Amino acid sequence: VQLQASGGGLVQAGGSLRLSCAASGRTSSSYNMGWFRQAPGKGREFVAAISRSGVSTYYAESVKGRFTISRDNAQNTVYLQMNSLKPEDTAVYYCAADEGIAYSGRISRLGTYDYWGQGTLVTVSS
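A brief look at the structure comes next.

Calculation rules
- Residues numbered from 1 in each chain as written.
- Predicted model: local features only at pLDDT ≥ 70, side-chain atom pairs only at ≥ 80, totals over all residues.
- Heavy atoms only, no water.
- Helix = DSSP H or I, 4+ residues; strand = E, 2+ residues; numbered from the N terminus.
- Phe/Tyr/Trp six-rings, centres within 6.5 Å; stacked < 30°, edge-to-face > 60°.
- Buried < 20%, exposed > 50% of the residue type's maximum accessible area, 1.4 Å probe, protein only.
- Lys NZ or Arg CZ within 6 Å of the ring centre and 35° of its normal.
- Pairing = 2+ DSSP bridges.
- Salt bridge = Lys/Arg side-chain N within 4 Å of Asp/Glu carboxyl O.

Positive phi outside glycine occurs at Asn-76, with the angle close to 55°. Here Asn-76 shows up in the loop between strand S7 (67–72) and strand S8 (77–82).

Here the focus is the packing of aromatic side chains. Following the criterion strictly, the structure yields five aromatic pairs and no others. Ring centres of Tyr-31 and Tyr-115 lie 5.8 Å apart, and the angle between their planes is 80°; on these two criteria the pair is classed as edge-to-face. Taken as a pair, Tyr-31 in the loop between strand S3 (17–24) and strand S4 (32–38) and Tyr-115 in strand S10 (residues 115–116) lie far apart in primary sequence, 84 residues in all. Judged by relative accessible area, which is 1%, Tyr-31 ranks as buried. Overall, Tyr-115 belongs to the partly exposed group, its relative accessible area being 28%. With centroids separated by 5.6 Å and ring planes inclined at 70°, the aromatic side chains of Phe-36 and Phe-46 adopt a geometry described as edge-to-face. Taken together, the residues span a long stretch of sequence, with Phe-36 in strand S4 and Phe-46 in strand S5 (residues 44–50) at a distance of 10 residues. Residue classification places Phe-46 among the buried residues on the basis of a relative accessible area of 13%. Feature note: the residues Phe-36, Phe-46, Tyr-113 and Trp-116 constitute an aromatic cluster, connected by ring pairs. The residue whose ring lies beneath Arg-44 is Tyr-94, and the NZ or CZ to ring-centre distance is 3.6 Å. Residue placement shows Arg-44 over the ring face of Trp-116; its charged tip is 5.0 Å from the ring centre.

Attention now goes to the pairing of strand S11 (residues 120–125). What you see with S11 is a clean split: Thr-120, Val-122 and Val-124 sit on the buried side and Leu-121, Thr-123 and Ser-125 on the side with no burial. Across four bridges, strand S2 (residues 9–12) lies against S11 in parallel orientation. For Gln-12, the partnering residue across the bridge sits in S11 and is Ser-125. Where strand S9 (residues 91–98) and S11 come together, three bridges link them in antiparallel fashion. In the strand pairing of S11, Tyr-93 is matched with Thr-120.

In total, this model carries five salt bridges according to the counting rule given. The residue Arg-37 makes a salt bridge to Glu-45 at a minimum N-O spacing of 2.7 Å. Using a relative accessible area of 5% as the deciding quantity, one classes Arg-37 as buried. In this structure, Asp-89 engages Arg-37 in a salt bridge whose closest nitrogen and oxygen atoms are separated by 2.9 Å. Of the two residues, Asp-89 is situated in the loop between S8 and S9 and Arg-37 in strand S4; the sequence distance between them amounts to 52 residues. The same class applies to Asp-89 and to Arg-37, which are both buried. In the salt-bridge network here, residues are joined through shared partners; they are Arg-37, Glu-45, Arg-66 and Asp-89.

Right, let's talk about the environment of Tyr-103 for a bit. Turning to its location among the elements, Tyr-103 is positioned in the loop between S9 and helix H1 (104–107). Accessibility expressed as a relative area gives 43% for Tyr-103, which makes it partly exposed. When the C-alpha positions of Tyr-103 and Ser-56 are compared, they lie 8.7 Å apart, and in sequence the two are 47 residues distant.

And the structure:
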């Protein structure tokens, strides 16, 4: 599967953005999907994930209540709605696909994911 992330940009603190991750080559419903981010000079960290059916979602504590992950399997697309953005949310955001079983102890791990998109830059100004 190939993943294409989009929707990043420059936004003021308190604003919103919606990221999209379009899957091609195989239907996205075959995969659990995740979003990770990497800030300048830091490692890549988990943001959110969603199970194949969309029934189960998982979030990092730092984004709970502000970000919402969703998916449209008919469109082979996963979304990350980001509200109340903070300067510390500034990072390159990556989407990823996982062929395994979705549970909280596994779905947030970087090494769980089999496929990665190219990333989209989100910059939040103060």
